[in-house]
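Chain residues, written in single-letter form:
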Amino acid sequence: MFPILYSFRRCPYAIRARYALSLLNIKVEIREVVLRNKPEALLRLGGRSSVPQMICEQGVRYPESMDIIRWAMARKQNANIYSKPQEREIAAWLFQTDHRFKFWLDKYKYADRHPDFSQEYYRSQGERFLRRLESKLSKQAFLLGDEMSMADVLVFPFIRQFRGVDNTWFDQSQYTSVKLWLNQIIEDKTFEKVMIKLPPWQEVDEPRYFP
């Protein structure tokens, strides 16, 4: 019996959850969800049917990526122990990503749905966060220092998504340190495992496990 993770391969929230589970080597049964055709097993849980969501062995539901990550870190008590200042810095990066940057990322990605301003305008608003990242990463390899931490795990999927809106613009941009940081993460074997392609889950399927 393993925890059950409902996931969607390209969702940045799901990527961050899978990456954390992979880093901490916590095995789950993974169920790939097609967002336009969600499985009845997910809908039967009631409430929000977004992904990622996880049901642990005891039947407790973890409905968001950070719920899953906090559960995983508590389960691996000796892994990724951060000092209080580091915890505060991680929380700050999380807040800036989820409550500041993501707002402009969505408008930039779906600019046709937000005709009040141009796509370039929405991108320029998102660039404020890129400049913050560039300032930090120009001094060190990762957000908390010379080694990858949970701060990087929480942030990078959204920078990857921002890049994907216009790869050419991003790759030619002045954010050299951000590009190096992002490439280092997505070229790593861990990311390759995290992004493995799975067929949509059906209730008749044999369990698939991750990582």
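Higher on the page you've got the structure.
Worth saying up front: this structure is predicted, and the values here are computed from it rather than measured.

## Considerations on the pattern of salt bridges
Pairing of side chains with opposite charge becomes possible as their charged atoms draw close. Scanning the entire structure with this criterion turns up 10 salt bridges. Among the ionic pairs, E29 bridges to R31, the shortest N-O distance being 3.1 Å. Like E29, the residue R31 is buried in the burial classification. R75 is the salt-bridge partner of E57, the closest N and O atoms lying 2.8 Å from each other.

## What about unusual backbone geometry?
Each neighbour pair has its own omega, and for V51 with P52 the value is 5 degrees, a cis peptide bond. Checked against the element boundaries, P52 lands in the loop between helix 2 (40–43) and strand 3 (53–55). Here the amide bond leading from F210 into P211 is cis, since omega sits at -10 degrees, within 30 degrees of zero. With respect to the secondary-structure elements, P211 resides in the segment after strand 5 (209–210).

## Focus on the packing of aromatic side chains
On inspection of all chains with the given rule, the structure shows 18 aromatic pairs. Taken together, a centroid distance of 4.8 Å and an interplanar angle of 45 degrees make the contact between Y108 and F162 tilted. Residue Y108 is located in helix 4 (residues 84–109), and its partner F162 is located in helix 6 (residues 150–165); the two are separated by 54 residues in the primary sequence. The two residues Y108 and F162 agree in class, both being buried. Judged by centre distance (5.8 Å) and plane angle (70 degrees), the ring pair of Y121 and Y122 falls under edge-to-face. Judged by relative accessible area, Y122 falls into the buried class, the value being 3%. Connected via pairs of aromatic rings, a cluster forms that spans W93, F101, Y108, F129, F162, W169 and Y175. Over the ring of Y209 we find K27; its NZ or CZ atom is 4.7 Å from the centre of that ring. R113 extends its terminal NZ or CZ atom over the ring of Y110, reaching a point 4.1 Å from the ring centre.

## Quick word on the pairing of strand 2 (residues 28–32)
Two faces belong to every sheet, and in a regular strand the side chains alternate between them. Within strand 2, five of the five residues are buried, which leaves the element mostly enclosed by the surrounding structure. Of the two faces of strand 2, the one lined by V28, I30 and E32 and the one lined by E29 and R31 are each fully buried. Sheet analysis places strand 1 (residues 4–7) next to strand 2, joined by four bridges and oriented parallel. Note on strand 2: the bridge partner recorded for Y6 is R31. In terms of handedness, the path from strand 1 via helix 1 (residues 12–23) over to strand 2 forms a crossover that is right-handed. Note: strand 2 against strand 5, two bridges, orientation antiparallel. Along strand 5, the bridge assignment pairs E29 with Y209.

## Points about the nonpolar core
In this structure, L21, L133, I159 and W181 are the most contacted members of the largest nonpolar core, which totals 55 residues. When residues of this core are assigned to their parent elements, the largest contribution, nine residues, is made by helix 6. For L133, the contacting residues outside a window of four places in its chain are W93, L143, V155, I159 and V178. C11, A14, V51 and W201 belong to the second-largest nonpolar core, a separate cluster that totals 10 residues.

## Here we look at the sheet that holds strand 4 (residues 61–62)
One open sheet accounts for five strands, arranged 4-3-1-2-5; its pairing is mixed. Each of the sheet's edge strands pairs with one partner strand only, and the pair in question is strand 4 and strand 5. Here helix 1 sits on the sheet and contacts strand 1, strand 2 and strand 5; the angle it forms with strand 1, its principal contact strand, is near 145 degrees.

What counts as what
Residues numbered from 1 in each chain as written. Predicted model: local features only at pLDDT ≥ 70, side-chain atom pairs only at ≥ 80, totals over all residues. Heavy atoms only, no water. Salt bridge = Lys/Arg side-chain N within 4 Å of Asp/Glu carboxyl O. Buried < 20%, exposed > 50% of the residue type's maximum accessible area, 1.4 Å probe, protein only. Helix = DSSP H or I, 4+ residues; strand = E, 2+ residues; numbered from the N terminus. Phe/Tyr/Trp six-rings, centres within 6.5 Å; stacked < 30°, edge-to-face > 60°. Lys NZ or Arg CZ within 6 Å of the ring centre and 35° of its normal. Pairing = 2+ DSSP bridges. Right-handed = clockwise from strand over helix to strand, strands pointing away. Core = buried A, V, L, I, M, F, W, Y, C linked by side-chain atoms within 4.5 Å. Contact = heavy atoms within 4.5 Å. Axes fitted to C-alpha atoms, helices over the stretch in contact; angles between N-to-C directions.

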